[in-house]
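Now for the letters of each chain:
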Amino acid sequence: MNRLLVSLFLAAPLIPVSTTGMAQSQFDGRWTVTTIPERGACRRKNHYAVVVENGVARNASGRTRTTVTGGLEPSGRVQASLQRREAQVDVTGNLAGQSGSGTWTLAGRIDCSGRWTAAKRG
């Protein structure tokens, strides 16, 4: 059941940024994102490697089979939807300094939701 959630996060450029500029460069670097399920059919927490370059976040694997709308704002606000086949993950939250957190909801063949945390590496 977690495979769908994992594939949505791993197959996407995770959070494209709608604008560029100096404010976003503070988030550039490698991040570890952890998703923690709290409700529904998803049971395991998962870890994802994310790279932010010039304010644009993408999954470190570089795969791109998922449609992403929304993104990372210069303020650090995260609001995005990831769509793959019949499933959609909605992600909201905030990044500040070296960390971030928020919530996610998966709807599709399975439904579940939870929270996420992010930590900047190095």
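Structure: above.
Computed from a prediction, not measured in an experiment: that's the story for all the values here.

(A) Structural detail: the overall build of the chain. The number of helices and strands found in the chain is 2 helices and 8 strands. The secondary structure elements of the chain, listed N-terminal to C-terminal, are α-α-β-β-β-β-β-β-β-β. Taking all 122 residues of the chain together, the buried fraction comes to 44%. Taking the intrachain contacts of the chain between residues at least 6 apart in sequence as the baseline, contacts between residues at least 24 apart amount to 54%. With the model as given, the accessible surface of the chain reaches about 6,400 Å², and the carbon-plus-sulfur share is 49%.

(B) Representation of the state of the cysteines. Here the structure, examined in full by the defined rule, presents 1 disulfide. Between the sulfur atoms of Cys-42 and its disulfide mate Cys-112 the distance is 2.0 Å. Highlighted residues: Cys-42 in the loop between β1 (29–40) and β2 (46–53) and Cys-112 in strand β8 (residues 112–121), separated in sequence by 70 residues. Exposure remark for Cys-42: the relative accessible area of 3% places this residue in the buried category.

(C) Looking closely at unusual backbone geometry. Positive phi, normally seen in glycine, also occurs at Arg-85, with a value near 50 degrees. As for its position among the elements, Arg-85 is in the loop between β5 (77–84) and β6 (87–96).

(D) Summary view of the pattern of salt bridges. Taken as a whole and assessed by the stated rule, the structure comprises 3 salt bridges. The residue Arg-115 makes a salt bridge to Glu-38 at a minimum N-O spacing of 2.8 Å. Of this pair, Arg-115 sits in strand β8 while Glu-38 is found in strand β1, placing the two residues 77 residues apart along the sequence. Given a relative accessible area of 38%, Arg-115 falls into the partly exposed group.

Parameters and conventions
- Residues numbered from 1 in each chain as written.
- Predicted model: local features only at pLDDT ≥ 70, side-chain atom pairs only at ≥ 80, totals over all residues.
- Heavy atoms only, no water.
- Helix = DSSP H or I, 4+ residues; strand = E, 2+ residues; numbered from the N terminus.
- Buried < 20%, exposed > 50% of the residue type's maximum accessible area, 1.4 Å probe, protein only.
- Contact = heavy atoms within 4.5 Å.
- Areas by Shrake-Rupley, 256 points an atom, 1.4 Å probe, with all protein chains shown as cover.
- Disulfide = S-S within 2.5 Å.
- Salt bridge = Lys/Arg side-chain N within 4 Å of Asp/Glu carboxyl O.

By themselves, these figures tell us nothing about what the structure is for.
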